[in-house]
Amino acid sequence: MDVKLTAWHESTTCTWCEKDREAVTIDFADGFLRHTPLCWSCLQKAIKVRNRQPASAPTTPRSSN
């Protein structure tokens, strides 16, 4: 998982908790969140949530028995 911190904000509205806090703008390389300001607490939650998701959906063909 590749996450880039692109900007720091002394005070802005966190996209996740919608509170005015110190935050960073983040970009998940896989598109989970893009150009999104998150406070430090919500950034940790977002990373945990993304880690629980499968990297990609399995593409095994179904057998027609």
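Because the structure is predicted, anything quoted here is derived from the model rather than measured.

### Structural notes on the overall build of the protein
Thinking step 1. Regarding its fold elements, the protein presents one helix and three strands.
Thinking step 2. Secondary structure elements of the protein occur, N-terminal to C-terminal, as β-β-β-α.
Thinking step 3. Residues counted as buried form 25% of the 65 residues belonging to the protein.
Thinking step 4. As presented, the protein carries roughly 5,000 Å² of accessible surface, and 49% of it is formed by carbon and sulfur atoms.

### Quick word on unusual backbone geometry
Thinking step 1. Phi at E18 is positive, roughly 60 degrees, even though this residue is not glycine.
Thinking step 2. Within the secondary structure layout, E18 lies in the loop between β1 (3–13) and β2 (20–28).

### Re the nonpolar core
Thinking step 1. Within the largest apolar cluster, ten residues are counted, these being C14, V24, I26, F28, L33, L38, C39, C42, L43 and A46.
Thinking step 2. Looking at this core, the elements with two or more residues in it are β2, β3 (36–39) and α1 (40–52).
Thinking step 3. In this view, L43 contacts L5, V24, I26 and L38; residues no more than four positions away in its chain are not counted.

### What about the pairing of β1?
Thinking step 1. Bridge analysis of β1 against β2 gives eight bridges, and the strand direction is antiparallel. Counted as the bridge partner of W8 is V24 from β2.
Thinking step 2. Turn length for the β1-β2 hairpin, with the two strands adjacent in sequence and antiparallel, is six residues, and the turn residue E18 shows positive phi of about 60 degrees.

### A word on α1
Thinking step 1. With 13 residues, α1 should reach 18 Å at 1.5 Å per residue; the first-to-last C-alpha distance of 19 Å fits that figure.
Thinking step 2. Every buried residue of α1 is accounted for by C42, L43, A46 and R50. One side of α1 holds all its buried residues, which, seen down the axis, span an arc of 105 degrees. Of the exposed residues in α1, the ones pointing more than 90 degrees away from its buried face are Q44, K48, N51 and R52.
Thinking step 3. Check the buried side of α1 and you find it contacts β1, β2 and β3.

### As for the state of the cysteines
Thinking step 1. Taken as a whole and judged by the stated rule, the model has zero disulfides.
Thinking step 2. Summary of cysteine pairing: C17 is not part of a disulfide, and the nearest cysteine sulfur, belonging to C14, is at 3.7 Å.
Thinking step 3. Looking at the unpaired C39, the closest cysteine sulfur is the one in C42, lying at 3.5 Å.

Thresholds applied
Residues numbered from 1 in each chain as written. Predicted model: local features only at pLDDT ≥ 70, side-chain atom pairs only at ≥ 80, totals over all residues. Heavy atoms only, no water. Helix = DSSP H or I, 4+ residues; strand = E, 2+ residues; numbered from the N terminus. Buried < 20%, exposed > 50% of the residue type's maximum accessible area, 1.4 Å probe, protein only. Areas by Shrake-Rupley, 256 points an atom, 1.4 Å probe, with all protein chains shown as cover. Core = buried A, V, L, I, M, F, W, Y, C linked by side-chain atoms within 4.5 Å. Contact = heavy atoms within 4.5 Å. Pairing = 2+ DSSP bridges. Expected span 1.5 Å × (residues − 1). Arc of directions from axis to C-beta. Disulfide = S-S within 2.5 Å.

These values are about where atoms sit, not about what they do.
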